[in-house]
2 protein chains.
Amino acid sequence: MKIGIIGTGHMGSTLGKLWAEKGHQVFFGSREPLKAQELAGQVGHAAQGGSISQACGYAEVLVLGVPWKAAQETLQSMGKMDGKVLIEFINGIDMQKGPVLGHTTSIAEQIAAWAPGARVVNAFNSVHYETLLEPNFDGQSASLFYCGDDPAAKTILAQLGAEIGLDPVDCGPLWMARQLEPLGFLWVYLAYAAGQGPQTAFKWLKR
Amino acid sequence: MKIGIIGTGHMGSTLGKLWAEKGHQVFFGSREPLKAQELAGQVGHAAQGGSISQACGYAEVLVLGVPWKAAQETLQSMGKMDGKVLIEFINGIDMQKGPVLGHTTSIAEQIAAWAPGARVVNAFNSVHYETLLEPNFDGQSASLFYCGDDPAAKTILAQLGAEIGLDPVDCGPLWMARQLEPLGFLWVYLAYAAGQGPQTAFKWLKR
């Protein structure tokens, strides 16, 4: 497959390297064509490098490996992409608020506003009750992602979760529910809309 | 620990049952106190049942086990919760849009708007480049969550991901990036803000 990698960052260059090693024809494109050529030389496996428009003209699959602030300008410089596959993985991130687009609040924060004085912990969004009853998946315990603004309340939650066999993962302050509620929805979607069923769960892997 | 379960749904009743079995003092509260008492009788382990206000008065840890549409009214009926731990896990869900609060668009959708004709696939948001290089975590391959509106483009992405050792998980149409981008942010938060580092990944468990 002819794959164009736009940008020379870690993700794009690593994907390009791995796919080149697997026999795909990889073309790195950058606003700095010399940098892209240098990268292609390091990668080997007949990888090529050049301008963004060269990469786009060459490839049937494109990887948008640029930061959010450069995305619009880069896309404009990529020209027509009719029918091409465009893979993107931009995490436009504000470290105080999460994703920069469209994720402005959460049910957990609304609940905290409706429950003044309560030490709210958001947890279990992506854990089905059948997972509560059997948290073990072939030796892997399902993860219990949780967040909240009160450390002692979170410790209580983590202990209660661990007691029933879940793997507690502290996900930070309560506004991180803006991430955990979408994770809960992703679980619902995969289990029901995508038909994978309730014998499913998320695991936080660490080594 | 004195635990109050508000609502008699699957999640709340299962948590109450499990924690009662672990020796905690569980009080089920419901708008229908008789239903809560019946549930407590089934659970055993000295679990009690009654009204919502009884459960709240009794417990130091409260579980809000009601649907989103009942949340505000239920919280009003719970009275003062000063200092109590309130565990909530409401996935307020619109099956066409995801979480009902605050998640209104995604970078992937914006990119698709800026790249007319391109078959955009959102993927790799929660996969670090070090995970690309070593996707195996003690026998578990990291998951590659992806979404897009073009099935053939998604098939290409899934094959490319599987070739480099990732476990592809089709997460539906492109607007599901509203879930995958928060998942990406959750990864960044856990790895960097929470200090767990980049040798971490998410896994979709299934049995």
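Quick caveat, the model's predicted, so the values are computed rather than measured.

**Student:** Sorry if this is basic, but what is going on with the overall build of chain A here?
**Tutor:** What chain A contains, in helices and strands, is eight helices and 13 strands. Relative to its length of 207 residues, chain A is extended, with a C-alpha radius of gyration of 22 Å against a globular reference of 17 Å. Its C-alpha atoms give chain A principal-axis dimensions of about 60 × 40 × 30 Å. For chain A, the proportion of its 207 residues judged to be buried stands at 55%. Excluding contacts between residues fewer than 6 apart, the proportion of contacts in chain A whose partners are at least 24 apart in sequence is 59%.

**Student:** Would you take a moment to explain the interface of chain B and chain A for this structure?
**Tutor:** The interface of chain B with chain A comprises 91 residues on the first partner and 91 residues on the second. In terms of residue count, helix 8 (residues 177–193) of chain B provides more of the side of chain B that touches chain A than any other element does, twelve residues in total. Class assignment for the residues of the side of chain B that touches chain A results in 54 nonpolar, 23 polar and 14 charged. Pairing between strand 8 (residues 119–123) of chain A and strand 5 (residues 85–88) of chain B: four bridges, direction parallel. Each bridged residue has a counterpart across the sheet, and for Asn-122 of chain A the counterpart in strand 5 of chain B is Glu-88 of chain B.

**Student:** For this particular structure, what's the right way to read the nonpolar core?
**Tutor:** Proteins that are soluble and globular tend to have nonpolar side chains buried together. In this structure, Leu-62, Ile-87 and Cys-171 of chain A together with Leu-62, Ile-87 and Cys-171 of chain B are the most contacted members of the largest nonpolar core, which totals 143 residues. Excluding its chain neighbours within four sequence positions, the residues that come into contact with Leu-62 of chain B are Gly-4, Ile-6, Cys-56, Met-81, Lys-84, Val-85, Leu-86 and Ile-87 of chain B.

**Student:** Please clarify how the packing of helix 4 (residues 68–78) of chain A against helix 5 (residues 107–114) of chain B should be interpreted in this entry.
**Tutor:** How two helices pack is summed up by the angle between their axes together with the distance between the axes. Relative orientation of the contacting elements helix 4 of chain A and helix 5 of chain B amounts to 20°, with a least axis distance of 10 Å. In terms of axis orientation, helix 4 of chain A runs roughly parallel to helix 5 of chain B. Remark: the crossing between helix 4 of chain A and helix 5 of chain B carries right-handed chirality. Contact with helix 4 of chain A, carried on its side by Trp-68, Ala-71, Gln-72 and Leu-75 of chain A, involves Ile-107, Ile-111 and Trp-114 of chain B of helix 5 of chain B and no other residues of that element. Here the contact of helix 4 of chain A with helix 5 of chain B is built from residues that sort into six nonpolar, one polar and no charged.

**Student:** I tried to follow the relation of the copies chain B and chain A on my own but got confused; where do I start?
**Tutor:** Two copies of the chain are present, and they differ by a rotation about an axis and a shift along that axis. Mapping chain B onto chain A calls for a rotation angle of 180° and an axial translation of 0.0 Å; the resulting RMSD is 0.0 Å. What the superposition gives is, in effect, a two-fold axis relating one chain to the other. Both copies present the same face, since 100% of the interface residues in chain B are matched by interface residues at the equivalent positions in chain A.

**Student:** Would you mind going over helix 8 (residues 177–193) of chain A with me for this structure?
**Tutor:** Count 3.6 residues to each turn of an α-helix, and residues three or four apart come out pointing the same way. All names here are of chain A. Compared with an ideal rise of 1.5 Å per residue, which puts 17 residues at 24 Å, helix 8 spans 22 Å between its outermost C-alpha atoms and is within 8% of the ideal. Within helix 8, 13 of the 17 residues are buried, leaving the element largely enclosed by the surrounding structure. One or two steps after helix 8, the chain reaches Gly-195, where phi turns positive at roughly 75°.

What counts, and at which threshold
- Residues numbered from 1 in each chain as written.
- Chains lettered and ligands numbered in written order.
- Predicted model: local features only at pLDDT ≥ 70, side-chain atom pairs only at ≥ 80, totals over all residues.
- Helix = DSSP H or I, 4+ residues; strand = E, 2+ residues; numbered from the N terminus.
- Rg over C-alpha atoms; globule rule 2.2 N^0.38 Å.
- Buried ≥ 20, exposed ≤ 12 C-beta atoms within 10 Å, placed from the backbone.
- Contact = placed C-beta atoms within 7 Å.
- Nonpolar A, V, L, I, M, F, W, Y, C, P; charged D, E, K, R; others polar.
- Pairing = 2+ DSSP bridges.
- Core = buried A, V, L, I, M, F, W, Y, C linked by C-beta atoms within 7 Å.
- Axes fitted to C-alpha atoms, helices over the stretch in contact; angles between N-to-C directions.
- Parallel < 35°, antiparallel > 145°, perpendicular 65-115°, else oblique.
- Left-handed = near helix turned anticlockwise from the far one by under 90°.
- Least-squares fit on C-alpha atoms with pLDDT ≥ 70 in both.
- Expected span 1.5 Å × (residues − 1).

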